[in-house]
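Close look at the chain arrangement
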Amino acid sequence: MKKTPRKPLISLCMIVKNEADTLARCLQSVRGVADEIIIVDTGSTDSTVSIARSFGARIIPFPWNGDFASARNAGLAGARGTWILVLDADEELEPGSKKELLVCAEHTEYEAFFVRIHNHKGTDRASQTITVNPILRMFKSRASYRFSGIIHEQIAAVIVQETPAAAMHMSTVVVHHYGYADGVVEKKDKISRNIGLLKEQLKLNPGDAFHHFNMAVEYMRLGDYGHALEHIQTSLDHVEPDTSYIHLLYKYEIRCLAVTGDLPGALEACERGLALFPDYPDLHHIKGALLLQVSAFAEAKAALGRALDIGVSPPAYHTESGLGTYLTRTLLGQACQQIGEDNEAIACFTRAAQLHPEPLPLVTRLVRLFKCAGRELEIRGWLAEHLPVILAEQRPELVRLLVTDGCYAAAADVLGGSDEAAVGKRAAGEQVAREHVEGELAAGEQVAREHVEGELAAGETVARERVEGELAAEEQVVREFGEGELTAGEQVVRECAANKRRSGAHAEEGQDYAGEPEPSSADSLLRLLQRAEAIPAAELTYGDIAALHQYPAFARTTGGTTPASESAAAVQPWISLADKVLATLEASSVFSPAAARARLALPLPRPAD
C-alpha cells in the first residue's frame, strides 16, 4: 500500500530578484527545517532561479508591479505547510536556532512567532551586530492571512484583525541579516526606491503612522534629520497606543533632535519616552550620553547605571548591540574619567573591553588613564590579568599604540616581556608538577626535587648574568650618549635607516615583510624605547619622537597611505611631545591640575594609525 506523503510542516516563502550572491547561503541555512521552498521571482537575470532549483525550490514567476505585499502573497497562495516561514535572500538562519524553530512549529496553540533579526555591519555572521529587531516571521498558513502594504509589508495586524485572540510567542530564534552592511544599501539603491514607494502610499493615506515611521527611517539613512523629525512627529500624532514600534519613535525623535542641536528638546523627549518605557535600556543610555554632552556628569552616571541595571534589552524592544552592556560601560567610564574617578573609569573600560567584539580602541583609553595616573608600568600586568587576549594576539598593535601615545617604558615592557611571561608560565607549571610529585611519591622525590631546583638555580644565574650584561651594555650606550658623542635623534635615525635597509632587502628577495621586527631589530627597538623614556622632556625633540614612530616595527603593508593617515602620522609626534612636557609640569602644585586635565584632553591615538 502506497504511503500518503506527510503534509509539510514549514513552508519557506521568499521573494527574490538577482540574488545569486546570497541565495545559496540562505537556503543552505534552512536545510532540515523547511519542508518546502517556494520562491517568487520578480524578474531575475542572473543565476538566481537555477540556484533556487538546485535546492528543490518551486519557482513562481511574478512580474514586478511595485507592490511587495502582492509578491509575498503569490508565494503564500501556493504554500502547503502548516506554517509559513518568511526569509529574504540576504538573511540566514542561525545554525543553533534550527532546533528551537522546529519546537515552535510543534506548538500549534500559537498563531505566530517573532524571531530576533540581527542586522550586521558586514556580510557574514562573524561581523559585528549593529541592531537587533524582533519581527514576526513564522505564522499559521491560513487563507485569510495575507500581507498588506506595497512596501514594508506587514502581516501582524492582519492576524490580529482576523483572529483577535491570537496568541503570539517571542522566540529567541536568531536570523542574521546582511542587507544593511556597508555598501549593500547603496549598491541596490534601496533608499531611493523605498522613499518613492512610501510617498505613493502617503498620497493615498496621509495619516498612516507606519508609513511616516518608515519614511523617517529612510531620511535618517540619508542624514536628513530635519525631514526625518517631521515624519516622526506626524507618526507620534497618529499612532495607536499599543503599536509595537512606538519605543523606536521616541528613540529616533531623541536622536534627530540631538543631531540638529536641540539638546534640551532631546532630553525632554527622553523623559517622555522613559515615562512609557522605563525598562528600555537604550533610552537610559541615550539620556546618559546627552547629559555627558552638557557636562552633567553625576546625572549621566545615574542614567547609565540604570541602563546597566537593565542590561540587554528585553526581547520586545528593538535595540543596538552594546547598549546596556559594553557601549554603556564605555560611556560610564568616560563620565568617571571626567570627574577624576580614575579607578572606576579603569574598571569600566576594562569590563567594556572584555565584552566588546573589537576591544583595542578601549585599550587606548586604559593606556591613557594608566599613563596620566603615573601607573604606566602597570599596563602589561593589568592586561595580562584582565585582557590576556590583547597580549597574546595583538602584541604588535599594542606596542604600536603605546609608542604612539608616548608610553615608551610600557612599550619596552611589553616588547621585552614575552620571554619573561613564558618563563613565569613555565615556572608555574614546574611548581605545580613539583607539588604533585611531593604529594604522591616517596623518598626518591627529594633527590629529584633537589636536582630540578639545582637546574632552576643554574638557569636563574644564567638569566641574571645575561640581564646584567644587557643592562651594562645599555648603561654604556646611555653614558656615551650623555658625553655628547651621539644625539638621541641621530641614533634613532641611524637605527631606522639600518632597519629600513633590512626591510628593503626582504622586499628585494620577494618576501612579505609585515613590519614585525627580527630578533636583532627587536633588541635595538627595546634599547630605543628605554632611552626615549630616560631622556628629560626638555631634551626630547620632535625629531626624536618622529623617528621612533617611523621605526620598521610599526610599518604596515596595507598598500598605500592615504592623505588622512599621512596627516595623522605628522601630528602624532607633536601630541606625544606635548604629553611629555605636560607630564613634567604635574610635579608643580600650581600647574598640576591643569596639566593633568590637558593630558587627558589630548587626542587619543587610533589603533589604525
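Residues numbered from 1 in each chain as written. Predicted model: local features only at pLDDT ≥ 70, side-chain atom pairs only at ≥ 80, totals over all residues. Heavy atoms only, no water.

1. Looking at helix H17 (residues 379-386)
- When we look at burial in H17, the residues that qualify are Ile379, Arg380 and Leu383. Projection of H17 onto a plane perpendicular to its axis shows the buried side chains occupying an angular sector of 95°, all on one side. (Buried < 20%, exposed > 50% of the residue type's maximum accessible area, 1.4 Å probe, protein only. Helix = DSSP H or I, 4+ residues; strand = E, 2+ residues; numbered from the N terminus. Arc of directions from axis to C-beta.)

2. As for the environment of Leu283
- Looking at the element boundaries, Leu283 is found in helix H12 (residues 281-293).
- Among the residues examined, Leu283 registers a relative accessible area of 0% and is labelled buried.
- If sequence neighbours within four positions are ignored, Leu283 has contacts with Lys251, Ile254, Cys270, Gly273, Leu274 and Phe277. (Contact = heavy atoms within 4.5 Å.)

3. Let's talk about the environment of Gly324
- Residue position: Gly324 is located in the loop between strand S9 (319-320) and helix H14 (326-338).
- Since its relative accessible area comes to 4%, Gly324 is described here as buried.
- When neighbours within four sequence positions are excluded, Gly324 is seen to be in contact with Pro281, Ala307, Leu308, Gly311 and Val312.

4. Quick notes on the nonpolar core
- Residues Val363, Leu398, Leu402 and Leu529 are the most contacted members of the largest nonpolar core, which totals 99 residues.
- Core analysis: the second largest hydrophobic core is formed by 32 residues, Leu12, Phe55, Ala89 and Val175 among them. (Core = buried A, V, L, I, M, F, W, Y, C linked by side-chain atoms within 4.5 Å.)

5. Brief notes about the packing of helix H10 (residues 246-259) against H12
- For the pair H10 and H12, the least separation of the axes is 10 Å and the interaxial angle reads 15°. Accordingly, the angle class assigned to the pair H10 and H12 is roughly parallel. In this structure, the crossing between H10 and H12 has a hand that is left-handed. In this structure, H10 contributes Lys251, Ile254, Arg255 and Ala258 to the contact, and H12 contributes Asp282, Leu283, Ile286 and Leu290. (Axes fitted to C-alpha atoms, helices over the stretch in contact; angles between N-to-C directions. Parallel < 35°, antiparallel > 145°, perpendicular 65-115°, else oblique. Left-handed = near helix turned anticlockwise from the far one by under 90°.)

6. Some words on the pattern of salt bridges
- Going through the model one piece at a time under the given rule, you end up with 25 salt bridges.
- The partner of Asp405 in a salt bridge is Arg368, and the shortest N-O contact between them spans 2.7 Å. Of the two residues, Asp405 is situated in the loop between helix H19 (395-404) and helix H20 (408-415) and Arg368 in helix H16 (residues 360-372); the sequence distance between them amounts to 37 residues. (Salt bridge = Lys/Arg side-chain N within 4 Å of Asp/Glu carboxyl O.)

7. As for the packing of H19 against H20
- Between H19 and H20, the least distance of the axes is 8 Å, while the angle of their chain directions is 160°. With respect to H20, the axis of H19 lies roughly antiparallel. Considering the relative orientation of H19 and H20, their crossing is left-handed. Of the residues in H20, those in contact with Arg395, Leu398, Val399, Leu402 and Val403 of H19 are Tyr408, Ala410, Ala411, Val414 and Leu415.
- Class assignment for the residues of the contact of H19 with H20 results in 9 nonpolar, no polar and 1 charged. (Nonpolar A, V, L, I, M, F, W, Y, C, P; charged D, E, K, R; others polar.)

8. What to know about the packing of aromatic side chains
- Scanning the entire structure with this criterion turns up 12 aromatic pairs.
- Ring plane angle 50° and centroid distance 5.5 Å describe the contact between Phe210 and Tyr245, whose orientation is recorded as tilted. Of the two residues, Phe210 sits in helix H8 (residues 209-222) while Tyr245 sits in the loop between helix H9 (225-238) and H10, which places them 35 residues apart along the sequence.
- What makes Phe210 buried here is its relative accessible area of 18%.
- Members of the aromatic cluster, connected to one another through ring pairs, are Phe210, Phe213, Tyr245 and Tyr252. (Phe/Tyr/Trp six-rings, centres within 6.5 Å; stacked < 30°, edge-to-face > 60°.)

9. Focus on the side chain of His285
- Within the element layout of this structure, His285 appears in helix H12.
- Residue class for His285 comes out buried when judged on its relative accessible area of 9%.
- Ignoring sequence-local partners within four residues, the contact set of His285 consists of Leu304, Ala307, Leu323, Leu327, Thr328 and Leu331.

10. Description of the confidence of the model for the protein
- Of the residues in the protein, 76% have a pLDDT of 70 or more, and the chain-wide mean is 81.
- The low-confidence segment residues 419-520, where pLDDT is below 50, has 65 contacts with residues more than four positions distant or belonging to other chains.
- Low pLDDT (under 50) marks residues 555-562, which in the prediction has 11 contacts with non-local residues, meaning those over four places away or in another chain. (pLDDT = per-residue confidence, 0-100.)

11. Side note on helix H7 (residues 190-204)
- Compared with an ideal rise of 1.5 Å per residue, which puts 15 residues at 21 Å, H7 spans 22 Å between its outermost C-alpha atoms and is within 8% of the ideal.
- Along H7, the positions that sit buried rather than exposed are Lys190, Ile191, Asn194, Ile195, Leu197, Leu198, Gln201 and Leu202. (Expected span 1.5 Å × (residues − 1).)

12. A few points about the pairing of strand S2 (residues 36-41)
- Within S2, 6 of the 6 residues are buried, leaving the element largely enclosed by the surrounding structure.
- Of the two faces of S2, both are covered, the one formed by Glu36, Ile38 and Val40 as well as the one formed by Ile37, Ile39 and Asp41.
- Inspection of the sheet shows strand S1 (residues 10-16) paired to S2 by 6 bridges, in the parallel sense. Within S2, the residue paired with Leu12 across the bridge is Ile37.
- In this view, the connection linking S1 to its parallel neighbour S2 by way of helix H1 (residues 23-29) has right-handed handedness.
- Bridge count between S2 and strand S3 (residues 58-61): 4 bridges; the pairing is parallel. Bridge pairing links Val40 to Ile60 in S3.
- Regarding topology, helix H2 (residues 48-54) serves as the crossover connection from S2 to the parallel S3, and that connection is right-handed. (Pairing = 2+ DSSP bridges. Right-handed = clockwise from strand over helix to strand, strands pointing away.)

13. Considerations on the pairing of strand S6 (residues 112-120)
- Burial of S6 is extensive: 9 of the 9 residues sit out of reach of the surface.
- A two-sided burial pattern is seen for S6, the buried positions comprising Ala112, Phe114, Arg116, His118 and His120 on one face and Phe113, Val115, Ile117 and Asn119 on the other.
- Pairing of S6 with strand S7 (residues 129-140) involves 9 bridges; the strand directions are antiparallel. Residue Phe114 lies in a different strand from S7, and its bridge partner there is Leu136.
- When S6 meets strand S8 (residues 168-177), the two strands line up parallel, connected through 7 bridges. Across the sheet, Arg116 pairs through a bridge with Val174, a residue of S8.

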